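# A look at the structure
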Amino acid sequence: MYYAHKSRPTSTRSIRDKQITRALRRIFADNYSCYGARKLWAENIRESAFGHIARCTGQRLMASDGLVGIRRRKKRPSTRSADADQSPVDLVDRNFAVTAPNMLWVADMT
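Definitions and limits used
Residues numbered from 1 in each chain as written. Predicted model: local features only at pLDDT ≥ 70, side-chain atom pairs only at ≥ 80, totals over all residues. Heavy atoms only, no water. Helix = DSSP H or I, 4+ residues; strand = E, 2+ residues; numbered from the N terminus. Rg over C-alpha atoms; globule rule 2.2 N^0.38 Å. Core = buried A, V, L, I, M, F, W, Y, C linked by side-chain atoms within 4.5 Å. Buried < 20%, exposed > 50% of the residue type's maximum accessible area, 1.4 Å probe, protein only. Contact = heavy atoms within 4.5 Å. Phe/Tyr/Trp six-rings, centres within 6.5 Å; stacked < 30°, edge-to-face > 60°. Arc of directions from axis to C-beta. Salt bridge = Lys/Arg side-chain N within 4 Å of Asp/Glu carboxyl O.

## A short note on the overall build of the chain
- Of regular secondary structure, the chain possesses four helices and zero strands.
- Of the regular secondary structure in the chain, the N- to C-terminal order runs α-α-α-α.
- Relative to the compact-globule value of 13 Å for 110 residues, the chain shows a C-alpha radius of gyration of 30 Å, a clear excess of over 25%.
- Structurally, the chain occupies a C-alpha span of about 90 × 35 × 30 Å along its principal axes.

## Points about the nonpolar core
- Among the nonpolar cores identified, the biggest contains ten residues, and these are Ile20, Leu24, Ile27, Phe28, Tyr35, Leu40, Ile53, Leu61, Met62 and Leu67.
- For this core, the secondary-structure elements that each account for two or more residues are α2 (12-30) and α4 (55-65).
- Considering every element that reaches this core, the biggest residue donor is α2, with four residues.
- Apart from the residues lying within four places of it in its own chain, the contact partners of tyrosine 35 are Ile27, Phe28, Leu40, Met62 and Gly69.

## So, the packing of aromatic side chains
- Within the structure shown, the criterion is met by one aromatic pair.
- With a centroid separation of 5.2 Å and 75° between ring planes, the pair formed by tyrosine 2 and tyrosine 3 is classed as edge-to-face.
- On the basis of relative accessible area, tyrosine 2 is assigned to the exposed category, the value being 52%.

## Considerations on helix α3 (residues 37-47)
- Here α3 has its buried residues at Leu40, Glu43 and Asn44. Summarising the axial view, the buried residues of α3 lie within an arc of 100°, below the 170-degree limit, and thus occupy one face. Facing away from the buried side of α3 by more than 90 degrees, the exposed set consists of Arg38 and Arg46.
- As for α3, its buried residues are in contact with α2 and α4.

## Observations regarding the pattern of salt bridges
- Evaluation of the coordinates by the stated rule reveals six salt bridges.
- A salt bridge links arginine 25 to aspartate 65; the nearest nitrogen and oxygen atoms lie 2.7 Å apart. With arginine 25 in helix α2 and aspartate 65 in helix α4, this residue pair connects regions lying 40 residues apart in the sequence.
- Here aspartate 30 and arginine 26 are joined by a salt bridge, their closest N and O atoms 3.6 Å apart. Of this pair, aspartate 30 and arginine 26 both sit in helix α2, four residues apart, which is roughly one turn of that helix.
- You can call arginine 26 partly exposed: its relative accessible area is 39%.
- Each member of the salt-bridge network shares a partner with another, and the members are Arg13, Asp17 and Arg60.

Here it is, written out as structure tokens:
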């Protein structure tokens, strides 16, 4: 079994994978090493040197080659709540149960 594996020629898939990996590395380097799998996949299709490749194939080859795109930072909330002493008084007192129509009107001014 071992010697059959050693004497077997290189598969077509591994040859194509090596070619695609070289192209992915070049595209990755040309774009300041920041492209992720989706953008590398799209750029590779635009160049269409290898025909259509699946995005999961690009992800697999990127992972095996150690190519990682830049991740976006987490967004921080841009608003802060006002202090309790600066907030308007709650005139409804969270009692929204009314006995007849037009007894209580509530609005939010934000």
